[in-house]
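Now for the letters of each chain:
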Amino acid sequence: MYIQRIRVEKFRKLVAPVEIAGLPPGMAVIGGDNEEGKSTLLQALRSAFFDRHGLSGQGAAAMQPLGQKVAPEVEVDFHLAGHDYRLKKRFCHRAAARLEGPDGVLEDEAAEDALQGLLGFERPGRGASDTLHHGLWGLLWVSQGTTFAPVEPSEGARHALGEALEDDVGQVLGGAIGQQLLQLFGDWRDRYWGRSGRPVQELKKAAEASTEHGEALIAARRRLADYDDLLQQMERVGVELARFHSEERLAEMRSRHSAAAARAAELKGLKEALREAKARRETAALHLQQAERHWTTRQELAQAAREARQDVTDLTVRDEALKATLQTQEGALAESAAALEQARAGREAARREERRLGLLIRRRELEDEQRRLTDQRNKARAAREAAAAARREAAGLTVEADGVAALRGAEGNLARATDRLSAAATEVTVAVAVPLEITGDAVPLDSGYRVTGQAELELAGVGRIGIRAGGTDLPALQQALAEAGEGRAGLLERLGVTGLAQAERQLARKGELQGAATYQESLVEVFAPQGLDALEERLTDIAAGLAGLPEGEDEGGLEVLRDAHHAARQALEEQERVVSAAEGRHGEGRDKVQGAREESTRIQGRLRERLAQAERVDKRLVEEREEVGDGELARRVAEQRAARDAADSALQAAETAVANLDPEEVQQAVADAGRAVARTEKQLQDLETRHGELRAALRALGQQGLAEQVVELERKAAEAERRHRALEREATAVRLVAEALEEAARNAREAYLQPLLGRLQPYLDAVFPGARPVIGETLEMAGLARGHEEGFEQLSIGAREQLAILTRLAFADLLAQEGESPPVILDDALVYADEGRFETMKALLSRSARRHQVLILTCRPREYLSLGAEQFRLYGWGATAGGPPR
Amino acid sequence: MPMAVRFLHTADWQIGKGFGTVPGDKGAALRNQRLETVGRLADVANQQGVDAVLVAGDVFDAQTVSDETLRRVMEKLRRFAGPWVMLPGNHDAALAESVWTRLEALGARPDNVHAALTPDILRLPGTDLAILPAPLQRRHEPADLTAWFAAAETPPGVFRVGLAHGSITDFLPAEAERHNPVERTRAATAGLDYLALGDWHGTLRVDGRTWYAGTPETDRFRSRAPGNALVVELDGPGAEPRVETVSTTRFHWHTLEHRLAEAADVAVLEDRLKALGEPFDRHVVALTLTGVTGLAQRVAVDGVLEAWRARCHFLDVDDSGLATAATEADLAAMEDSGFVADAAAILRRRRDEGEAAAGDALQMLFAEYRRRRTD
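Predicted, not measured: the structure shown is a model, and the values here were computed from it.

A word on the overall build of chain B. Counting its regular elements, chain B contains nine helices and 17 strands. In summary, chain B has a C-alpha radius of gyration of 27 Å against a globular reference of 21 Å for 375 residues, an excess of more than 25%. Expressed as lengths along the three principal axes of its C-alpha atoms, the size of chain B is roughly 90 × 40 × 40 Å. A burial count over chain B gives 58% of its 375 residues as buried. Across chain B, every contact between residues at least 6 apart in sequence was considered, and the portion connecting residues at least 24 apart equals 71%. In the form shown here, chain B has an accessible surface area of approximately 14,800 Å², with 49% of it arising from carbon and sulfur atoms. Counting 42 positive and 55 negative side-chain charges, chain B places the averaged centre of each group 1 Å from the other.

As structure tokens, then:
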């Protein structure tokens, strides 16, 4: 289909008639300046084709020029399916429609219906149509400012495309029923399943209800099971209680307890008897003990009487014998006393002789010592005096070794100072014949002088010669010499000598004197080692001792005296031994006498004591026997022993009786039986209590109608589960249907799109090399795939515009190939393309225009000159087409 | 000379019994009906002019039915003024604490209702009946509780009627429970005029004097001859009893198996359902479908089933054995449906691979497609 001519009058901006005629089947460029009415021309075309002539209201008013109540008119000549048509519509006033075609002329509604049948668009219910109603025209006619908008075919356009493409893809789209089923099962599935595949809404509620009822049923069954459990418990308790009563268990326990208690009572009696037997046995034992004690005491008393009498007899005999012995011993004692007296007299005579000789010897010895010590004293006195004289003379000499040594040093210093001065002095040799005199510091030498300072040599008759010594540091040498001389002089004065030689002689003499004194003093020590005073004191003592000693006769020398004295000492010692022997014998005799006397005294005392005791015992024995005789006492002992033996037997029998009953076992049996009774009573009580509790619990539970609750819940749970199962089965099936339909539809759409993609891809290769189109489920252009998918809105505005145009060209190419395509009309397109893309797009538009009509409305027609397409220009009245714009 | 005696023999009321396989209100209705049937029994007793009604155990389904249920049962009994003798069965054994003790504690038992809780001869006032009960005092008794009947002495001229709940030894089918044995010859050995038994839910004659009454209201699919009570008439002691079966059930339970192979089988199915008889709302039906249907036939079957679900009190359909396969006609019908046919092919493949839901899905798709084509 292509448009051949357009004429517009009183339509919006195009008030004056405008006509463009001679439009070719291919590409045509319609130029017009801004505000000249290009977009109005496109709108007029839409109104002519798609708005009913009887349109009123705002839709109709919008067609009128601003402020003018006129009747807009549009006239279009077009070629469709091998026939030419002329459509003419007048709006608002005396609105009319007219369609001229191969079937003749149709007016108004007939024209409208025929037109709709030819072009296949929809009509709005009321008001003006919009692009949604225009089907393919709406897709391929692009208004100014919308060329970069997404290409989203309306349902009508898709329908038209589907119809047009049927030859290519057959019935793959499933027609209206397919779409209905797709929609139906999709919506149906969404009612049951969420996007994540989980149940939602009704299905979810059904599942929850099923679970909820199931849980409630489980809980109710649990309560019922509890009831059954209680019932069983009660049955067991009942059986146990019945058994208790039928077996008379408690009575038996009590009977056993009574038997045990009886045995315990018997045991108690036996124990009492045992205790009494023990007491009787103890009493018998005490009585026997008492009788035996009486018997023993009597026997002991008789024995004591016998023993006392025997003692008296024995002591009397011994006293007599002792008296005879004492008499003999006293005679011997008197004899030993006389012998002792004699021996002591002989010893005294010997002691006096020995003493006299000893004193004589002492006197002789003292006299010899007195002589020796006197001699020593005299010698010591002489030596002490000689030593004192030598010490005094030495003290008169004042020189000392240190002073002499210092003087020797001073002499040396003076000699060295003199030598240094001499060495530094000027020697003046004089060999003149005239006397001469020299003054000043000059020392005469053998053949001249040595001048050590200033000197003046006066030569008689000749004159004076001044000499000045010029040695190095001569004044200092002179000063040292003077100081050395002063030092020596001082020492001589201190030592009191004239020179060093005198000093050394005096020092030697002083040494000799001190040596002599020391020698004499050592002699004093030899003669009087303890000192002279001690020696004098000893001599005084000796003199005193001699004065106390008797003068002896000349009885020989000291040795003779000593021999005599020795003999006298031996005689004395012999006398001492004699006395000692006599004293021993006398003492021994005296001791015996003394012992005999003491023994005699003791025996006599003992005799008196035992005699008195024998009398007392005899008396007591007589008295006691008078009271109870010995025979009676013996009888009593025998009697008590028999009684004790009887008690022993009785005790043993009682112990055997108690032991035979096993007291521990009896007590244990009583305790066990008591506990058994208590336990049994407690068990019975517990059972009865439990029975009562169970009965109450069961009755309470029974009243609740648990069985009916379970039945009711089973019913509800079964219903809920059945409902859920049915719904789930339906939902699963619905989901399967929906998935299968969607999968099949997707496959069909892909098959459907294949021809479109086959036509679009070459265009894309020219403008977007390497890109593939992304077409959505409703045939909308969703974007481009260039390595990754880019959504349409993510593309630049220029790319969007180019992609949108190319998509429309592909649609139109496809439609043209299948039969008829509406013209592609682009109003002010490609305004965002760069120069390169613009040129490419122009070439593609031109290529596409070989298959169908392409009308380009532009304010820059010159830019399309290179295509060689026919160009038209909008003008006012009289404007027409053909040839280049003027 | 004793007068003839007539009594109604019933058992296994199991009041409070639930019906887990019948969900919702329909299950509740079945449960409630058991109570209503007690009223029906009272009416039968009045109509038949019986001297007494003997209930051979399992009056209640559980010991834990509510007090209200106990009272409601007692209220139903008031419709027959004659004596009722209730025997504890295994479901309502005379335990130390039981529905019977609760009834006493509630004071809800009418004077004409006798609970035979102990094995003692019960003389019913105004009749020549001596009831020899064998009440269960536990759920399960290993011994034959009717053994004492033989030694029980009754005055001459009275009717000795035994009342027991259990299984006749070596008589009942294999599926019967083996608890609580009753000697098969008990009526003869104990000199009974009649032995009224409970526990088996179908009406069953053991011998001329020994009968199971069965439950008066059918409660399961597999019972044999349920839903009756027995009117027993004895002309005199030792006389052969006359036993008449009276239907008392409201609901009738059926199990149907139907194989679908061709289109006509759907109509046959409907005929079989119709053959259950009016009124249809008293039928409880378990229908098992087997065979193979086409998609179109399956839609028709579903239509029939939906209609009968509404007619029957309860229709339970097990179609797990029924395969749905697309026929050539099914496929032809979708030939020009574009991707819808492709979707059907996908579902067929998944069904053939063993995905159970894919069969439903295919059927569903076909039904919707067909509906739209028809529209």
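Residue and element names in this part refer to chain A. Here the structure, examined in full by the defined rule, presents 15 aromatic pairs over all chains. Between Phe78 and Tyr85 the ring centres are 5.2 Å apart and the planes differ by 15°, which places this aromatic pair in the stacked class. When sorted by exposure, Phe78 lands in the same class as Tyr85, which is buried. Taking 5.5 Å as the distance between ring centres and 70° as the angle between the ring planes, the aromatic pair formed by Phe838 and Tyr864 counts as edge-to-face. Of this pair, Phe838 sits in helix α18 (residues 835-848) while Tyr864 sits in the loop between β17 (854-858) and β18 (870-873); the two residues are 26 residues apart in sequence, bridging distant segments of the chain. Take Phe838 and Tyr864: they sit in the same class, and that class is buried. Aromatic ring contacts, followed pair by pair, group Phe49, Phe50, Phe78, Tyr85 and Trp141 into a single cluster.

For chain A, per-residue confidence averages 86 on the pLDDT scale, and 96% of positions sit at 70 or higher. Predicted confidence for residues 876-886 of chain A stays below pLDDT 50, and this span has 23 contacts to residues more than four positions away or in other chains.

Our next topic: helix α11 (residues 500-527) of chain A. Residue and element names in this part refer to chain A. The end-to-end C-alpha distance of α11, which contains 28 residues, comes to 42 Å, matching closely the 40 Å that a straight helix rising 1.5 Å per residue would cover. For α11, every residue scored as buried is listed here: Ala503, Lys510, Leu513, Ala517, Gln520 and Val524. Those residues of α11 that are buried lie in contact with α8 (249-396) and α9 (401-424).

Residues and elements named next belong to chain B. Segmenting chain B into domains produces domain 1 (5-247) and domain 2 (252-374). A separation of 45 Å is found between the C-alpha centroids of domain 1 and domain 2. At the interface, twelve residues of domain 1 touch ten residues of domain 2. Taking both sides of the interface into account, the surface hidden between domain 1 and domain 2 amounts to around 970 Å²; carbon and sulfur atoms contribute 73%. Together, Lys26, Leu30 and Phe221 form the three largest contributors to the area buried by domain 1 at its contact with domain 2, with a combined 56%. One can count zero salt bridges joining domain 1 with domain 2. Linking domain 1 with domain 2 are two residue pairs in polar contact (both at pLDDT 80 or more), by the criterion used here.

Further remarks concern the pattern of salt bridges. A side chain with one charge can pair with a side chain of the opposite charge if their charged atoms come near. Overall, the coordinates contain 108 salt bridges over all chains when judged by the stated rule. For Arg351 of chain A, the salt bridge identified is with Glu576 of chain A, shortest N-O distance 2.7 Å. Within this pair, whereas Arg351 of chain A is found in helix α8, its partner Glu576 of chain A is found in helix α13 (residues 558-627), the two being separated by 225 residues in sequence. On the basis of relative accessibility, which here comes to 30%, the residue Glu576 of chain A falls in the partly exposed class. Measuring nitrogen to oxygen at the nearest pair gives 3.1 Å for the salt bridge that ties Arg242 of chain B to Glu233 of chain B. Each member of the salt-bridge network shares a partner with another, and the members are Arg5, Glu19, Glu75, Asp77, Arg86 and Lys88 of chain A.

A few words now on the side chain of Glu97 of chain B. Tracing the chain through its elements places Glu97 of chain B in the loop between β3 (84-86) and α3 (99-106). A distance of 3.3 Å separates the side chain of Glu97 of chain B from the side chain of Thr101 of chain B, its partner in a polar contact. When near neighbours in sequence (up to four residues on either side) are disregarded, Glu97 of chain B contacts Tyr227, Leu231, Met234, Arg695, Leu698 and Arg699 of chain A together with Arg102 of chain B.

What follows deals with the sheet that holds strand β16 (residues 824-827) of chain A. Read from one edge to the other, the open sheet built from five strands follows the order β8-β16-β17-β3-β18 (chain A), with strand pairing classed as parallel. Strands at the two margins of the open sheet, each flanked by one partner only, are β8 (141-142) and β18 of chain A.

Attention shifts here to the interface of chain B and chain A. With 52 residues of chain B in contact, the opposing surface of chain A contributes 49 residues. In total, chain B and chain A occlude about 3,900 Å² of area from one another, counting both sides; carbon and sulfur atoms represent 65% of this. Of all residues in chain B, the largest losses of buried area upon contact with chain A belong to Thr64, Glu97 and Phe339 of chain B, amounting jointly to 20% of the total for that side. Asp316 of chain B is the partner of Arg722 of chain A in a salt bridge, and the nearest nitrogen-oxygen pair spans 3.0 Å. Here chain B is connected to chain A by twelve residue pairs in polar contact (both at pLDDT 80 or more). Elements that contribute at least two residues to the side of chain B that touches chain A include exactly α1 (24-48), α2 (67-77), α3, β17 (314-324), α8 (339-352) and α9 (356-374) of chain B. Examining the composition of the side of chain B that touches chain A, we find that ten residues originate from one element, α9 of chain B, more than from any other. In terms of residue class, the side of chain B that touches chain A is built from 22 nonpolar, 13 polar and 17 charged.

This paragraph deals with the sheet that holds strand β7 (residues 104-107) of chain A. All names here are of chain A. Pairing in this open sheet of six strands is antiparallel, and the strands run β2-β1-β4-β5-β6-β7 from one edge to the other. Two strands bound the open sheet, and with one partner strand each, they are β2 (18-21) and β7. Between one strand and the next, the sheet's axes are offset by a mean angle of 10°, whatever the strand orientation.

Before going further, it helps to spend a moment on the pairing of strand β13 (residues 228-234) of chain B. All names here are of chain B. Most of β13 sits inside the fold, with seven of its seven residues counted as buried. Side-chain alternation along β13 places Asn228, Leu230, Val232 and Leu234 on one buried face and Ala229, Val231 and Glu233 on a second face that is also buried. Direction of pairing for β13 relative to strand β14 (residues 242-247): antiparallel, over a ladder of six bridges. Bridge pairing in β14 links Glu233 to Arg242.

Our focus in this paragraph is the environment of Leu322 of chain B. All names here are of chain B. Mapped onto the fold, Leu322 is located in strand β17. The class of Leu322 is buried, set by a relative accessible area of 7%. Not counting residues up to four positions away in its chain, the partners in contact with Leu322 are Leu260, Leu289, Thr290, Gly291, Val292, Thr293 and Arg298.

So, about the packing of α9 of chain A against α11 of chain A. All names here are of chain A. Put simply, α9 and α11 touch, their axes get as near as 10 Å, and they point 160° apart. Judged by the inter-axis angle, α9 sits roughly antiparallel to α11. In this structure, α9 crosses over α11, and the sense of that crossing is left-handed. Residues Ala401, Val404, Leu407, Arg408 and Glu411 of α9 form the contact with α11, whose participating residues are Leu500, Ala503, Glu504 and Leu507. When grouped by side-chain class, the residues that make up the contact of α9 with α11 number six nonpolar, no polar and three charged.

It is worth spelling out the packing of α8 of chain A against helix α14 (residues 630-661) of chain A at this point. Residues and elements named next belong to chain A. Across the interface, α8 lies against α14 with an axial gap of 7 Å and an inter-helix angle of 160°. In terms of axis orientation, α8 runs roughly antiparallel to α14. Where α8 crosses over α14, the two elements pack in a sense that is left-handed. Taken together, the residues of the contact of α8 with α14 sort by class into 21 nonpolar, three polar and 14 charged.

Moving on, we come to the pairing of β17 of chain B. All names here are of chain B. In this structure, strand β16 (residues 283-293) lies alongside β17, joined through nine bridges in parallel fashion. Bridging across to β17, Val284 finds its partner in Phe314. For the crossover that starts at β16, traverses helix α6 (residues 295-311) and ends in the parallel β17, the hand is right-handed.

Looking now at α6 of chain B. Residues and elements named next belong to chain B. The first and last C-alpha atoms of α6 sit 25 Å apart over 17 residues, in line with the 24 Å expected at 1.5 Å per residue. When α6 is considered as a whole, its buried residues turn out to be Leu295, Gln297, Arg298, Val301, Val304, Leu305 and Trp308. Where α6 is buried, its residues meet β15 (252-260), α5 (264-274), β16, β17, α7 (328-333) and α9.

We now examine unusual backbone geometry. The peptide bond linking Glu278 of chain B to Pro279 of chain B adopts the cis configuration, its omega dihedral lying at -15°. Along the polypeptide, Pro279 of chain B turns up in the loop between α5 and β16. With phi around 50°, Asp662 of chain A is a residue other than glycine that occupies positive phi space. With respect to the helices, strands and loops of the structure, Asp662 of chain A is situated in the loop between α14 and α15 (663-703). Classification of Asp662 of chain A by relative accessible area gives partly exposed; the value is 37%.

Right, let's get into the environment of Val301 of chain B. Assignment of secondary structure puts Val301 of chain B in helix α6. Those residues in contact with Val301 of chain B that lie beyond four places of it in its chain are Leu260, Val266 and Leu289 of chain B.

Reading the values: rules and limits
- Residues numbered from 1 in each chain as written.
- Chains lettered and ligands numbered in written order.
- Predicted model: local features only at pLDDT ≥ 70, side-chain atom pairs only at ≥ 80, totals over all residues.
- Heavy atoms only, no water.
- Helix = DSSP H or I, 4+ residues; strand = E, 2+ residues; numbered from the N terminus.
- Rg over C-alpha atoms; globule rule 2.2 N^0.38 Å.
- Buried < 20%, exposed > 50% of the residue type's maximum accessible area, 1.4 Å probe, protein only.
- Contact = heavy atoms within 4.5 Å.
- Areas by Shrake-Rupley, 256 points an atom, 1.4 Å probe, with all protein chains shown as cover.
- Lys, Arg positive; Asp, Glu negative; His and termini not counted.
- Charge placed at Lys NZ, Arg CZ, Asp CG, Glu CD.
- Phe/Tyr/Trp six-rings, centres within 6.5 Å; stacked < 30°, edge-to-face > 60°.
- pLDDT = per-residue confidence, 0-100.
- Expected span 1.5 Å × (residues − 1).
- Domains from an automatic or database assignment.
- Buried area = accessible area lost by both parts, 1.4 Å probe.
- Salt bridge = Lys/Arg side-chain N within 4 Å of Asp/Glu carboxyl O.
- Polar contact = N/O pair within 3.5 Å; in protein donor to acceptor, adjacent residues only side chain to side chain.
- Pairing = 2+ DSSP bridges.
- Nonpolar A, V, L, I, M, F, W, Y, C, P; charged D, E, K, R; others polar.
- Axes fitted to C-alpha atoms, helices over the stretch in contact; angles between N-to-C directions.
- Parallel < 35°, antiparallel > 145°, perpendicular 65-115°, else oblique.
- Left-handed = near helix turned anticlockwise from the far one by under 90°.
- Right-handed = clockwise from strand over helix to strand, strands pointing away.

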